[in-house]
Amino acid sequence: MPESAVPLLRLRDVHKRFGAVEVLKGVSFDVAMGEVVCIIGPSGSGKSTILRCINALVPIESGSILVDGQEVNDPALDKLALRRKVGMVFQQYNLFPHKTALQNVMMAPIHVLKQDRKAVEERAWALLKKVRLEGKEASYPGELSGGQQQRVAIARSLAMNPELMLFDEVTAALDPETVKEVLVTIRELAEEGMTCILVTHEMGFAREIGDHIYFTDRGVIVEHGPPKTFFVEAKDPRTRQFLDQIL
Amino acid sequence: MEAFYEWFRWLYEATGINLTIFYDAFDRNRMISGFWMTVRLCLLCIFFSIVIGVVGAWLQGSQLKWTRRAVHGFIALFRDTPPLVQIYFFYFGLGALLPRVDNAFGIPEPILTNVQWAVISLSLFAGAFNVEIFRSGIEAVPKATVEAAEALGYSRLRAYIHVVLPLAVRICLPALNNNIVNLVKTTTLAYAIAVPEMLYVTKQIWSDATNVPEMMVFLLLAYVFLVGCVVWVMARIERWLKVPGIGL
């Protein structure tokens, strides 16, 4: 990315604590438009918390999070405006179980954005097709496999036309066989130029898809770099130890 | 139809089993109006008690301490006192304190009739239970599902209407059914403030025709029928709401 580009997302010295535990101890990084960033690191290192702070699901103690110029750490934050820009996909899919796949995708644009039902429905069909779920429109989440549910969740998020997508360990709850179908969907999104932040344990995938890798441990970013160099030249002992265990 | 009615007259003459409500037009009309009064009481109280339950459960999740305390107070008052005492409290206690208004003939009348007091009182009684029933359903909705709605830009109220409540209702439906069945049976307490519902007209009829055992049996069967209808409707609703993958 060109150095002069204004980043879509800018975190500066973000601190977050849950009770006595400081989960984030000064996290800073930038994500440019169209960039795919992967955050890796051991459990409890604050990876997921970073994502949850970005779309204001949890408030931060101090620091700054700018999403497209909008400060998230602001009491007067318009959460709706922020969440229109930021889509999020969860590890456990979290679909609405009482609605069909198609309805899951249609709900937020109709209820939240007050868009025309007919136009939304057309888009929802197209989105489900895009995530390769043609024919599953009328299925309830309980009738779909984990991988299928996760792709509905991705389509549901895309229906809001976000500028930034957050993926929180989206393949961690899936069977090894179904991981691939979800990763294919994410790769296509990335190739289309969607800005993505992935928290993931899929090192191979991070290496292949990521423009930049961040390694977090105990609430700080220990090391980062483009995948080509990061996975071979990581210097910090903590990074090395983690990579040795997982690769 | 006439032959059907006449059969009961024959039954009376032949066996002494006296069901005036079939062969005597006056008693029949009394019973029919009593039946519809009970049905009306049931429908109104079911409706209002569910509204109270839904709104109360929403307010119970409020950020404001005093709102939550007010809901707790309401539940304590109406769940922990006998419904008959509540009806008396409203009709004789509160009703007497309210000003009277002149009717079309210039005669002062209470603002609220005994039927209206019965509806208010029974709705609050069943509503207090419904608040707790809905709360149990709401608490069983996974927090992560609500979070997904939030991440999609839903406000707390919109998430409640479109995600939390539809799921909570499915979870708490069996408990809700129980309370509604109880409510239908509790409408007989309106008898105490002379609401002409089924028990009240039955008492009138047996006072006139001295056919207490027959009317008691009839009344019992009438409630079996009425509650049976309610249970059937609730089962239909349960089936209609059933969605694959939600444990019901």
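Scroll up to find the structure.
Below you will find a few notes about this structure.

What counts and how
- Residues numbered from 1 in each chain as written.
- Chains lettered and ligands numbered in written order.
- Predicted model: local features only at pLDDT ≥ 70, side-chain atom pairs only at ≥ 80, totals over all residues.
- Helix = DSSP H or I, 4+ residues; strand = E, 2+ residues; numbered from the N terminus.
- Rg over C-alpha atoms; globule rule 2.2 N^0.38 Å.
- Buried ≥ 20, exposed ≤ 12 C-beta atoms within 10 Å, placed from the backbone.
- Contact = placed C-beta atoms within 7 Å.
- Pairing = 2+ DSSP bridges.
- Axes fitted to C-alpha atoms, helices over the stretch in contact; angles between N-to-C directions.
- Parallel < 35°, antiparallel > 145°, perpendicular 65-115°, else oblique.
- Left-handed = near helix turned anticlockwise from the far one by under 90°.
- Nonpolar A, V, L, I, M, F, W, Y, C, P; charged D, E, K, R; others polar.
- Right-handed = clockwise from strand over helix to strand, strands pointing away.

### Some points on the overall build of chain A
Summing up its helical and strand segments, chain A has nine helices and 10 strands in all. For chain A, the C-alpha radius of gyration of 18 Å lies close to 18 Å, the compact-globule estimate for 247 residues. The dimensions of chain A, computed from C-alpha atoms along their principal axes, are 50 × 45 × 40 Å. A total of 247 residues make up chain A; the buried ones form 47% of that total. Put simply, of all contacts in chain A between residues at least 6 apart along the chain, 64% involve residues at least 24 apart.

### As for the overall build of chain B
Each helix and strand in chain B was counted, giving 10 helices and two strands. Moving toward the C terminus, one meets the helices and strands of chain B in the order α-α-α-α-α-β-β-α-α-α-α-α. The C-alpha atoms of chain B give a radius of gyration of 22 Å, which is well past the 18 Å a tight globule of 248 residues would have. In terms of overall dimensions, chain B has C-alpha extents of about 75 × 50 × 30 Å along its principal axes. Counting all 248 residues of chain B, 36% fall into the buried class.

### Comments concerning the sheet that holds strand E9 (residues 212-217) of chain A
Residue and element names in this part refer to chain A. Read across the open sheet, the six strands follow the order E6-E7-E8-E3-E9-E10; overall the sheet is mixed. Two strands in the sheet have a free side with no partner beyond their single neighbour: strand E6 (86-89) and strand E10 (220-225). Neighbour-to-neighbour, the strand axes of this sheet turn through a mean angle of 20°, independent of strand direction. Strand direction decides the pairing type here: E6 and strand E7 (residues 164-168), joined by four bridges, are parallel. Each residue of the ladder has a partner; that of Gly87, found in E7, is Met165. Strands E6 and E7 of the sheet are contacted by helix H5 (residues 146-158), whose axis makes an angle of about 170° with E6.

### Structural notes on the sheet that holds strand E5 (residues 70-71) of chain A
Paired through backbone hydrogen bonds, the strands of a sheet run either parallel or antiparallel to each other. All names here are of chain A. Taken together, four strands build an open sheet; the order of strands is E2-E1-E4-E5 and the sheet is antiparallel. With partners counted over all chains shown, the strands left at the sheet margins are strand E2 (21-31) and E5, one partner each. Pairing between strand E1 (residues 9-18) and E2: eight bridges, direction antiparallel. Paired with Val14 across the two strands is Val27, which belongs to E2.

### Let's talk about the environment of Ser64 of chain A
Position of Ser64 of chain A relative to the elements: it lies in strand E4 (residues 62-67). Setting aside its immediate chain neighbours within four residues, Ser64 of chain A contacts Arg12, Glu71 and Asn73 of chain A.

### Examining the packing of helix H3 (residues 25-60) of chain B against helix H6 (residues 114-139) of chain B
Residue and element names in this part refer to chain B. Packing of H3 against H6 leaves a shortest axis separation of 6 Å and a crossing angle of 45°. With respect to their mutual orientation, H3 and H6 come out oblique. Crossing geometry of H3 relative to H6 is assigned as right-handed. The class makeup of the residues in the contact of H3 with H6 is 17 nonpolar, seven polar and one charged.

### Focus: the interface of chain B and chain A
When the parts of a complex come together, some accessible area is lost, and that lost area is often taken as the interface size. Counting residues at the interface gives 19 residues for chain B, matched by 21 residues for chain A. For the side of chain B that touches chain A, the secondary-structure elements that each account for two or more residues are helix H7 (143-151) and helix H8 (156-186) of chain B. Of the residues belonging to the side of chain B that touches chain A, the class tally is 11 nonpolar, four polar and four charged.

### Things to note about unusual backbone geometry
Residue and element names in this part refer to chain A. Residue Lys114 is not a glycine yet carries a positive backbone phi of 55°. Turning to its location among the elements, Lys114 is positioned in the loop between helix H3 (101-111) and helix H4 (117-130). For Arg218, which is not a glycine, the phi torsion comes out positive at approximately 50°. With respect to the helices and strands, Arg218 occurs in the loop between E9 and E10.

### Things to note about the pairing of E9 of chain A
All names here are of chain A. Counting buried residues in E9 gives six out of six residues, a clear majority hidden from the surface. Because side chains alternate across E9, one face comprises the buried residues His212, Tyr214 and Thr216, and the other comprises Ile213, Phe215 and Asp217, equally buried. Strand direction decides the pairing type here: strand E3 (residues 36-40) and E9, joined by four bridges, are parallel. If you follow Cys38 over to E9, its bridge partner there is Ile213. Pairing of E9 with E10, which is carried by five bridges, proceeds in the antiparallel orientation. Bridge pairing in E10 places Asp217 opposite Val220. Where E9 folds back onto E10 in an antiparallel hairpin, the turn is made up of two residues, including Arg218, whose phi is positive at roughly 50°.

### Considering the packing of H3 of chain B against helix H4 (residues 65-79) of chain B
All names here are of chain B. Contact geometry of H3 with H4 gives a least axis separation of 8 Å together with a crossing angle of 135°. Judged by the inter-axis angle, H3 sits oblique to H4. Across from Gly56, Leu59 and Gln60 in H3, the residues of H4 making contact are Thr67, Arg68, Val71 and Phe74. Residues of the contact of H3 with H4, tallied by class, amount to three nonpolar, three polar and one charged.

### What about the pairing of E7 of chain A?
Residues and elements named next belong to chain A. In terms of burial, E7 is largely enclosed, as five of its five residues are buried. Here E7 shows a buried face lined by Leu164, Leu166 and Asp168 and a second buried face lined by Met165 and Phe167. Examined bridge by bridge, E7 and strand E8 (residues 195-199) share five bridges and lie parallel to one another. Bridge assignment links Leu164 to a residue of E8, and that residue is Thr195. Where the polypeptide runs from E7 across helix H6 (residues 176-191) and back to E8, its parallel neighbour, the crossover connection is right-handed.

### Overview of the environment of Lys143 of chain B
Residue and element names in this part refer to chain B. Secondary-structure assignment places Lys143 in helix H7. In this structure Lys143 comes out as exposed when scored by C-beta crowding, with 9 C-beta atoms within 10 Å. Once the C-alpha coordinates of Lys143 and Asp102 are considered, the two residues, 41 residues apart in sequence, prove to be 55 Å apart.

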